[in-house]
Amino acid sequence: MKRPFAEPTDTREAILGAAFRALCEHGYADLTIKRIGEEFDKSPSLVYHHYDGKDELLIDLLGFLLDGFEESVSEDAFDLAPRERLDTYVAATTHPGSIPEGHGPDGQFMTAIVELRAQAATDDAYRDHFDRSDRVFSSFLERTVREAAGDDPSAEGSDAQADAPDDAVSPAEVASTLQTLATGGMLRWATTTDREWADDTRRGIRRYLESVLPAVDPDA
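Residues numbered from 1 in each chain as written. Predicted model: local features only at pLDDT ≥ 70, side-chain atom pairs only at ≥ 80, totals over all residues. Heavy atoms only, no water.

**A short note on the environment of arginine 85**
Our working definition: Put simply, DSSP marks the helices as runs of H or I at least four residues long and the strands as runs of E at least two long, and each gets a number from the N terminus on. The contact definition used throughout considers only heavy atoms, calling two residues in contact when any of these lie within 4.5 Å.
Note that arginine 85 resides in helix H5 (residues 82–92). Separated by 63 residues in sequence, arginine 85 and alanine 148 place their C-alpha atoms 9.0 Å apart. Apart from the residues within four sequence positions on either side, arginine 85 is in contact with Phe78, Leu80, Phe140, Thr144 and Glu147.

Here it is as structure tokens:
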């Protein structure tokens, strides 16, 4: 997968690309329309013509990136096995530099996302976006958990599942758990300099998946 805005197709994408680069470089607090204009290869005044302020522009940027993620998911653009997708999702939100480019955000952008998510505490437009974003990633994770459980050989013919169907775990439960852990991982990664916790966290989540996937009912 190519980096976002590598080949903008119109003025809007070019402006959003400039905003993406400026956001990664300066972060939310120090971002201004002027700095976005400096990243724009056409007249900076076009940025003011299309957007009233940086928040309107950033909401459009977030929506554009989320649309791209949805499109990639629908086209199965992530060339990874289901379990690898889960492991990569966890790694991307606890140590983004540890995964190949194209499968997750870089550290600067992940820090910026944490800053933008914080705006949702008091700004309805950001809250609406992250409500939608959580739904999109929840759907992606739930689908991936179903596929990973179906691929897990230890789940086939499991006596535990056959004898105790009430103990079956729903894909939605696992997806919600992973999503919440990942959100916390992003916050911790972006707001601390200590990284020793990251390996322990990934090992803990892998252990959780190894124990829970055989109990997942893909049809739940």
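**A word on the side chain of arginine 202**
Spelled out, the test is: Whenever a nitrogen or oxygen atom comes within 3.5 Å of another N or O atom, the pair is scored as a polar contact, on the condition that within protein one atom can donate a hydrogen and the other can accept it, and that pairs from neighbouring residues in sequence are kept only if both atoms are in side chains.
Locating arginine 202 in the fold gives a position in helix H10 (residues 196–212). In terms of polar contacts, arginine 202 uses its side chain to reach the side chain of threonine 94, at 3.4 Å. Contact partners of arginine 202, with chain neighbours within four places excluded, come to Val90, Ala91, Thr94 and His95.

**Some remarks on the packing of aromatic side chains**
What counts here: The rule is short: rings of Phe, Tyr and Trp, with Trp giving its six-membered ring, pair when the centres are within 6.5 Å, and they are stacked under 30 degrees, edge-to-face over 60, tilted in between. Think of it in three bands: residues with accessible area under 20% of the maximum for their type are buried, residues over 50% are exposed, and the middle band is partly exposed, with areas taken using a 1.4 Å probe on protein chains only. Geometrically, a charge over a ring is one whose NZ (Lys) or CZ (Arg) sits within 6 Å of the ring centre while staying within 35 degrees of the ring normal.
Counted under the stated rule, the structure contains seven aromatic pairs. Summarising the aromatic geometry, the rings of phenylalanine 20 and phenylalanine 109 are spaced 5.0 Å apart at their centres and angled 40 degrees between planes, so their arrangement reads as tilted. Here phenylalanine 109 lies in helix H6 (residues 107–119) and phenylalanine 20 lies in helix H1 (residues 11–26), a separation of 89 residues in the sequence. Per residue, the accessibility class of phenylalanine 20 equals that of phenylalanine 109, and both read buried. Ring geometry for tyrosine 28 versus tyrosine 126: centroids 6.5 Å apart, planes at 90 degrees, classification edge-to-face. On the criterion of sequence distance, the pair formed by tyrosine 28 in the loop between H1 and helix H2 (33–39) and tyrosine 126 in helix H7 (residues 124–151) is long-range, its members being 98 residues apart. The exposure classification of tyrosine 28 matches that of tyrosine 126, with both residues buried. Each member of the aromatic cluster is reached from another via a ring pair, and the members are Phe5, Phe20, Phe64 and Phe109. For lysine 54, the ring lying beneath its charged end belongs to tyrosine 28, and the centroid distance is 4.0 Å. Positioned above the aromatic ring of tryptophan 189, the side-chain terminus of arginine 195 is 4.3 Å from the ring centre.

**Some thoughts on the confidence of the model for the protein**
Our working rule: The pLDDT score gives, residue by residue, the confidence of the prediction method on a 0 to 100 scale.
For the protein, per-residue confidence averages 87 on the pLDDT scale, and residues scoring 70 or more make up 89% of the total. Segment residues 157–165: pLDDT under 50, and six contacts once partners within four positions in sequence are set aside and those in other chains are kept.

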